[in-house]
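# Close look at the chain arrangement
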Amino acid sequence: MRTLALCLILVMGTSEALDCQFVDGSLKQVDAGLGLVFGVNDAGAVFMRFGNKWVPMEGNLKHVTVGPAGLWGVSEDFHIFKMVAGKWERVEGLLKQIDAGGDQLIGGVNNESAGFCLNQQGAALALGGGAHVPWVSIADDLVYYSCGPQSCWGVTSKNAVLVRKEVTPNKCQGLGWEPVPDSPMVLVEVGSDGIVFGINGTGEVFRRAGITESNPSGSQWTHQYVCGNMRHATYDLGVLWLITMDQKIVSCIL
Ligand SMILES: *[C@@H]1O[C@H](CO)[C@@H](O)[C@H](O)[C@H]1NC(C)=O
Ligand SMILES: *[C@@H]1O[C@H](CO)[C@@H](O)[C@H](O)[C@H]1NC(C)=O
């Protein structure tokens, strides 16, 4: 592993420097949850992190996600899959991006920027076989959606950030949107403990400060100084995983 220590020289006053290292391999997207880390590469191959290796798995996916509702993914043609008894089962619906980070619920967006969520029961009973899946419509301008234990964060096509508060396992749509002003991001990811990271249009990484139960949208973005521009981020159990624009993998200890 190469460290990114050289970059620390350039840290500015307003940035926090992270302790980051390159990890072997090349991925396009990565998702961490429940102590597990999954990723997909440019060709759609799916990998699970085990020890110091990326172990190849069945399937061909564009986006993979792991969390309390299980292991889910979407394919290039927007089909939705859930891992059931060691096999990817096709679940009703079409999504472009999917997130299993919420409290046993699923969230996601489709290729026409519409947002959806699936309550705990619907997520648990989605076993494939053509069964109906009760997706709940939540928004009509959402290009990225990520859920944590209490709230979900979304990004619109204009890079505006929104928080959906008081999301619960039986009311995945929560209480409606609260805008997060003046913070254009292209991606926002909520960790399993509610820590929120964002990536802006030039690939800079930010962490949302001041999130509390009474103020789920927090107070400000703190720039996280990491070497290079990032296309993806995911956080779980003290480790922030990043994917660079050229698909290199970086892990940072918080
Ligand atoms: C979104 O996907 C559906 C199903 O594949 C397709 O019919 C539709 O044309 C797509 N829309 C856009 C904007 O690409
Ligand atoms: C991303 O953040 C960096 C650091 O704050 C800033 O210099 C840059 O202009 C931002 N890019 C966009 C597209 O907002």
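All of these numbers come straight from a predicted model, not from anything done at the bench.

### So, the overall build of the protein
- Scanning the protein from N- to C-terminus turns up one helix and 25 strands.
- In terms of overall dimensions, the protein is globule-like: its C-alpha atoms have a radius of gyration of 17 Å, near the 18 Å expected for 254 residues.
- Its C-alpha atoms give the protein principal-axis dimensions of about 55 × 40 × 30 Å.
- The contacts of the protein with a sequence gap of at least 6 include a subset with a gap of at least 24, amounting to 47%.
- For the protein, the computed accessible surface area is about 11500 Å², with 54% contributed by carbon and sulfur atoms.
- With 17 positive and 24 negative side-chain charges, the protein shows a spacing of 3 Å between the two charge centroids.

### Here we look at the site of ligand 2
- Every residue lining ligand 2 is accounted for by N200, G201, T202, E204 and F206.
- Here an oxygen atom of ligand 2 sits 2.3 Å away from a polar atom, N or O, in the side chain of N200.
- The side chain of T202 places a nitrogen or oxygen atom 2.8 Å from a nitrogen atom of ligand 2.
- Taken by itself ligand 2 offers 360 Å² of open surface, and the protein chains cover 46% of this.
- Considering only residue class, the shell around ligand 2 consists of one nonpolar, three polar and one charged.

### Some details on the pairing of strand β4 (residues 36-40)
- In terms of burial, β4 is largely enclosed, as four of its five residues are buried.
- Looking at chain direction, strand β3 (residues 29-33) and β4 are connected through five bridges and run antiparallel. Paired with D31 across the two strands is F38, which belongs to β4.
- A loop of two residues connects β3 with β4, the two strands running antiparallel in sequence, and L34 in this loop sits at a positive phi of about 55 degrees.
- Summarising the sheet, β4 and strand β5 (residues 45-50) pair through three bridges and their orientation is antiparallel.

### Concerning the nonpolar core
- Core analysis: the biggest nonpolar cluster contains 28 residues, and W153, W221, L240 and L242 have the highest contact counts within it.
- In contact with L240, not counting residues within four places along its chain, are L18, F197, V205, A233, T234, Y235, V250, S251, C252 and L254.

### So, the state of the cysteines
- Counted by the stated rule, this structure contains three disulfides.
- Here C20 is linked by a disulfide to C252, with a sulfur-sulfur distance of 2.1 Å. With the S-S bond torsion at 100 degrees, the cross-link from C20 to C252 turns out right-handed. Placement of C20 in strand β2 (residues 19-26) and of C252 in strand β25 (residues 248-253) is noted, with a sequence separation of 232 residues between them.
- Sulfur-sulfur distance for the disulfide between C117 and C172 comes to 2.0 Å. Between C117 and C172 the sulfur-sulfur dihedral comes to about 70 degrees; the bridge is accordingly right-handed. With a gap of 55 residues between them, C117 in strand β13 (residues 115-118) and C172 in the loop between β17 (161-164) and β18 (177-180) connect regions that are remote in the sequence.

### Details of the environment of T202
- Of note, T202 is situated in the loop between β20 (196-199) and β21 (205-209).
- Once the C-alpha coordinates of T202 and T222 are considered, the two residues, 20 residues apart in sequence, prove to be 15 Å apart.
- Not counting the four nearest positions on each side in its chain, T202 is found in contact with N229 and M245.

Cut-offs used in this document
Residues numbered from 1 in each chain as written. Chains lettered and ligands numbered in written order. Predicted model: local features only at pLDDT ≥ 70, side-chain atom pairs only at ≥ 80, totals over all residues. Heavy atoms only, no water. Helix = DSSP H or I, 4+ residues; strand = E, 2+ residues; numbered from the N terminus. Rg over C-alpha atoms; globule rule 2.2 N^0.38 Å. Contact = heavy atoms within 4.5 Å. Areas by Shrake-Rupley, 256 points an atom, 1.4 Å probe, with all protein chains shown as cover. Lys, Arg positive; Asp, Glu negative; His and termini not counted. Charge placed at Lys NZ, Arg CZ, Asp CG, Glu CD. Near = heavy atom within 4 Å. Polar contact = N/O pair within 3.5 Å; in protein donor to acceptor, adjacent residues only side chain to side chain. Nonpolar A, V, L, I, M, F, W, Y, C, P; charged D, E, K, R; others polar. Buried < 20%, exposed > 50% of the residue type's maximum accessible area, 1.4 Å probe, protein only. Pairing = 2+ DSSP bridges. Core = buried A, V, L, I, M, F, W, Y, C linked by side-chain atoms within 4.5 Å. Disulfide = S-S within 2.5 Å.

By themselves, these figures tell us nothing about what the structure is for.
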